[in-house]
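Structural features, examined
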Amino acid sequence: MTSLALVLRVAIALSTQGFFQPDEYFQALEPAHHYVFGYGHLTWEWVSSAPLRSIIYPALNIPPFWLIKTMGLDERYPELLIAGPRIVHGLLAAITDIGTREITRQVLNDAFVPTAYFVSLTSLFHSLSLSRSMSNSLETSLTTAALSYYPWDNARSISHVRNRTRMRMCIVFAALACAIRPTNAIIWVYMFGLLVLRLGLRLSQGSILIRDCCVIGLVAFVLFALDSAFYGRPTLSLLNFLRVNASPVSLFYGSSSWHYYLSQALPILSSTSLPFVLHGMHLAVKNDEKKLKTMLGCIAWTLAVFSFVGHKEWRFLHPLLPMLHIFASRSLVEMYHRSAKADVKVSREKRKNVIPKTFPLPIRTRDLCLLLLAVPASIYVVFFHCVGQIKVMSYLRSLPPENLTSVGFLTPCHSTPWQAYLHRPELAAPGRMWALGCEPPLGLQHPGDYKDQTDIFFEAPLEYMRTHFPSRVDASYPPSPFASSVPNVTFMETLQVVEQSSRSWDLGWRHEWPQYIVLFGALLREPGVLDLFRDQGYDEVWKGGFEWEGEGQRRGAVRVWKHIRLILSQPQKI
């Protein structure tokens, strides 16, 4: 059973063809690629005076990168640089499925384990996100592992040697989850707080628990040491992360209404298991099932706290999904046996309404059909969703070095992977490969008025290219002198000066026309853009993805335009 999860998650990781979130590349793979090979794009979180990101998560990608480099395979088989980290994250993803089985065994009983395992393996959101190199995915696996060691049976003394060992394992995994994503502490404030309250009258056990929690301090110290060594100065990335995400800067990446997690995130995460999740919660409350009610309280607490934060994303709730699957299994098995009793006895009169006994899962046929609707959806998100944004890097990587002098990405920022998928050192020089920037309004008093480079470009693309590009293409394709801003201290000071004076957020970027331009089809529909490209001697040489998918400026499929011919200046009439 364990091997099934390992094989499935690694297979999904290796098979994933599409783009989901920029963090998969720019907060995990790019820093590791930069560390091992000496080049790669570091976003503002990594280069600001108070770095927000810890090296602990990207460090997972360093061993496969280093091994491939040491063996000299990165130049001959650059595809291995993509496959290596994917295998690592696929193996880590399987911890979630395996941990879900163990939690189900403790919170319910063995009769529910196969169903919970099945729901986890067929989960649409797991297929989309769990095997990717995103911190939320590892956070989910570590949270599930920690919950599998949590003392759900509070009547059992944690002072016993075996139980103390399990408790310490729980604390270790919880501390690691918080190191990966500091907001994971929201879950453990509830779970450990509840445990302390229940053990409050037993002072000896309470003191043991508090003493064991000292391991959190050890993890924090190790994290501080690693980050300080990586950045070359004392760095508390956890505190910087929490400080910035609690500030208005986080709203720069979007804000949602208070009910977002209830009305959108939970249905999307649960997908076809949502009716069973809700029914399982109802059964837990109705039957006063204490372990499930503890789990339900944790979910409600986490939802409530996250709902107060303006910037919301589905994936922030991913660590709760294994608990939701356990509630779904509670409902599915209950309905299969047609009984509200914990011993799940099946009456003979109702056996005709369920799947025959030869079927190993206690799930009704109609319920199984509903759950399996997630499978074709999973196939779509793995093999076909937003594939152009990944395949364009494969196309560029396939070009010979002498035919790839410079590349410009006229797309919304971070729309594609970068050097971790391209691995072209000749393009690592400043201005050889560039994209539009989207640095946040750091240090501004009124960040709501701020516009980044991407905003300014897409407000008037034709005007931007006429004023920030030369009138004609230089066939030697020199590097762009100031293609985007570097989010350092000087950048912050410049923004503050602009805010106090002109409030013109155009910082005077200067581009050279590149040999290749990567864009979405939506840009070609802007007035005058298509004619400008053709007048400059560009033609479309590659197209990937579906025109109908995406939103806003990411619609119309991914295109690559190449400078094919030099357009001579028209002779003046005499």
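Residues numbered from 1 in each chain as written. Predicted model: local features only at pLDDT ≥ 70, side-chain atom pairs only at ≥ 80, totals over all residues. Heavy atoms only, no water.

1. Focus: the overall build of the protein
In terms of helices and strands, the protein carries 26 helices and five strands. For 574 residues, the compact-globule formula gives about 25 Å, and the C-alpha radius of gyration of the protein, at 26 Å, lands near that figure. In terms of its C-alpha atoms, the protein occupies a principal-axis envelope of roughly 100 × 55 × 50 Å. The burial tally for the protein puts 54% of its 574 residues in the buried class. Total accessible area on the protein stands at roughly 25,200 Å², and carbon and sulfur atoms take up 62% of it. Within the protein, one finds 54 positive and 42 negative side-chain charges whose respective centroids are separated by 12 Å. (Helix = DSSP H or I, 4+ residues; strand = E, 2+ residues; numbered from the N terminus. Rg over C-alpha atoms; globule rule 2.2 N^0.38 Å. Buried < 20%, exposed > 50% of the residue type's maximum accessible area, 1.4 Å probe, protein only. Areas by Shrake-Rupley, 256 points an atom, 1.4 Å probe, with all protein chains shown as cover. Lys, Arg positive; Asp, Glu negative; His and termini not counted. Charge placed at Lys NZ, Arg CZ, Asp CG, Glu CD.)

2. Quick notes on the pairing of strand S1 (residues 407-410)
Burial along S1 is two-sided: Val407 and Phe409 and Gly408 and Leu410, pointing in opposite directions, are all buried. Of the pairings in the sheet, the one linking S1 to strand S2 (residues 433-435) comprises three bridges and is parallel in character. What sits directly across from Phe409, in S2, is Ala435. In this structure, S1 lies alongside strand S3 (residues 516-520), joined through four bridges in parallel fashion. Looking at S3, one finds that Phe409 is bridged to Val518. (Pairing = 2+ DSSP bridges.)

3. Observations regarding the pattern of salt bridges
By the definition in use, this model includes 19 salt bridges. Its salt-bridge partner being Arg9, residue Asp97 comes within 2.7 Å of it at the nearest N-O pair. Linking Asp97 in helix H5 (residues 80-107) with Arg9 in helix H1 (residues 2-15), this pair joins segments that are 88 residues apart in sequence. A salt bridge links Lys543 to Glu547; the shortest N-O distance between them is 2.4 Å. (Salt bridge = Lys/Arg side-chain N within 4 Å of Asp/Glu carboxyl O.)

4. Description of the nonpolar core
By size, the foremost hydrophobic cluster in this structure holds 63 residues, and its most contacted members are Trp188, Met295 and Phe327. Residues Phe19, Leu81, Phe409 and Trp542 belong to the second largest nonpolar core, which totals 37 residues. (Core = buried A, V, L, I, M, F, W, Y, C linked by side-chain atoms within 4.5 Å.)

5. Some words on the packing of aromatic side chains
Tallied over the full model, the rule gives 26 aromatic pairs. Centroid distance Phe469 to Trp513: 4.5 Å. Interplanar angle 40°. Geometry classified as tilted. Taken together, the residues span a long stretch of sequence, with Phe469 in the loop between helix H23 (461-468) and helix H24 (489-500) and Trp513 in the loop between H24 and S3 at a distance of 44 residues. A connected cluster of aromatic rings, assembled from ring pairs, spans Trp434, Phe469, Trp513, Phe533, Tyr538 and Trp561. For Arg101, the ring lying beneath its charged end belongs to Tyr117, and the centroid distance is 4.9 Å. (Phe/Tyr/Trp six-rings, centres within 6.5 Å; stacked < 30°, edge-to-face > 60°. Lys NZ or Arg CZ within 6 Å of the ring centre and 35° of its normal.)

6. Side note on helix H19 (residues 374-383)
Note on helix geometry: an α-helix contains 3.6 residues per turn, so any two residues three or four positions apart are oriented the same way. Of all the positions in H19, only Ala374, Ser378, Val381 and Val382 are classed as buried. Taken down its axis, H19 places every buried residue within 100° of arc, on the same side. On its buried face, H19 is in contact with H1, helix H7 (124-130) and helix H18 (365-372). (Arc of directions from axis to C-beta. Contact = heavy atoms within 4.5 Å.)

7. What to know about unusual backbone geometry
For residues other than glycine, phi is negative in most cases, and the peptide bonds are mostly trans. Even without glycine at this site, Cys386 takes up a positive phi of about 50°. Its location among the elements puts Cys386 in the loop between H19 and helix H20 (388-398). The backbone phi angle of Ala557 is positive, close to 70°, even though this residue is not glycine. Along the chain, the position of Ala557 falls in the loop between strand S4 (538-544) and strand S5 (558-563). For Ala557, a relative accessible area of 4% puts it in the buried group.

8. Quick notes on the environment of Glu499
For Glu499, the location among the structural elements is in helix H24. Given a relative accessible area of 6%, Glu499 falls into the buried group. Here the alpha-carbon distance between Glu499 and Arg559, two residues 60 residues apart in the chain, equals 36 Å. Contacts of Glu499, omitting those with residues within four sequence positions, involve Leu444, Gln445, His446 and Trp505.

9. As for the state of the cysteines
Counted by the stated rule, this structure contains one disulfide. Each sulfur of the disulfide joining Cys413 and Cys438 lies 2.0 Å from the other. Between Cys413 and Cys438 the sulfur-sulfur dihedral comes to about 90°; the bridge is accordingly right-handed. Within this pair, whereas Cys413 is found in the loop between S1 and helix H21 (419-422), its partner Cys438 is found in the loop between S2 and helix H22 (453-459), the two being separated by 25 residues in sequence. A single burial state applies to Cys413 and to Cys438, both of which are buried. Not part of a disulfide, Cys386 finds its nearest cysteine sulfur in Cys413, a span of 15 Å. (Disulfide = S-S within 2.5 Å.)

10. Structural notes on the sheet that holds S3
In a beta sheet, neighbouring strands are held together by backbone hydrogen bonds and run either parallel or antiparallel to one another. Ordered in space as S2-S1-S3-S5-S4, the five strands form an open sheet in which the pairing is mixed. The outermost strands of the open sheet, each flanked by one partner alone, are S2 and S4. Geometrically, the sheet is characterised by an average inter-axis angle of 20° between neighbouring strands, direction not taken into account. (Axes fitted to C-alpha atoms, helices over the stretch in contact; angles between N-to-C directions.)

11. A few points about the environment of Arg233
Tracing the backbone shows Arg233 in the loop between helix H12 (214-231) and helix H13 (237-245). With a relative accessible area of 35%, Arg233 lands in the partly exposed category. Among residues more than four places away in sequence, those in contact with Arg233 are Ser48, Ser49, Pro51, Asp227 and Ser228. Only 3.3 Å separates the side chain of Arg233 from the backbone oxygen of Ser48, close enough to count as a polar contact. (Polar contact = N/O pair within 3.5 Å; in protein donor to acceptor, adjacent residues only side chain to side chain.)

12. Things to note about the packing of H5 against helix H6 (residues 113-121)
Their axes nearest at 9 Å, the elements H5 and H6 cross at an angle of 150°. With respect to H6, the element H5 is oriented roughly antiparallel. In this structure, H5 crosses over H6, and the sense of that crossing is right-handed. Contact residues: Asp97, Thr100, Arg101, Thr104 and Arg105 in H5; Val113, Ala116, Tyr117, Ser120 and Leu121 in H6. Among the residues forming the contact of H5 with H6, the class breakdown is four nonpolar, three polar and three charged. (Parallel < 35°, antiparallel > 145°, perpendicular 65-115°, else oblique. Left-handed = near helix turned anticlockwise from the far one by under 90°. Nonpolar A, V, L, I, M, F, W, Y, C, P; charged D, E, K, R; others polar.)

Function cannot be inferred from these measures alone, as they are strictly geometric.
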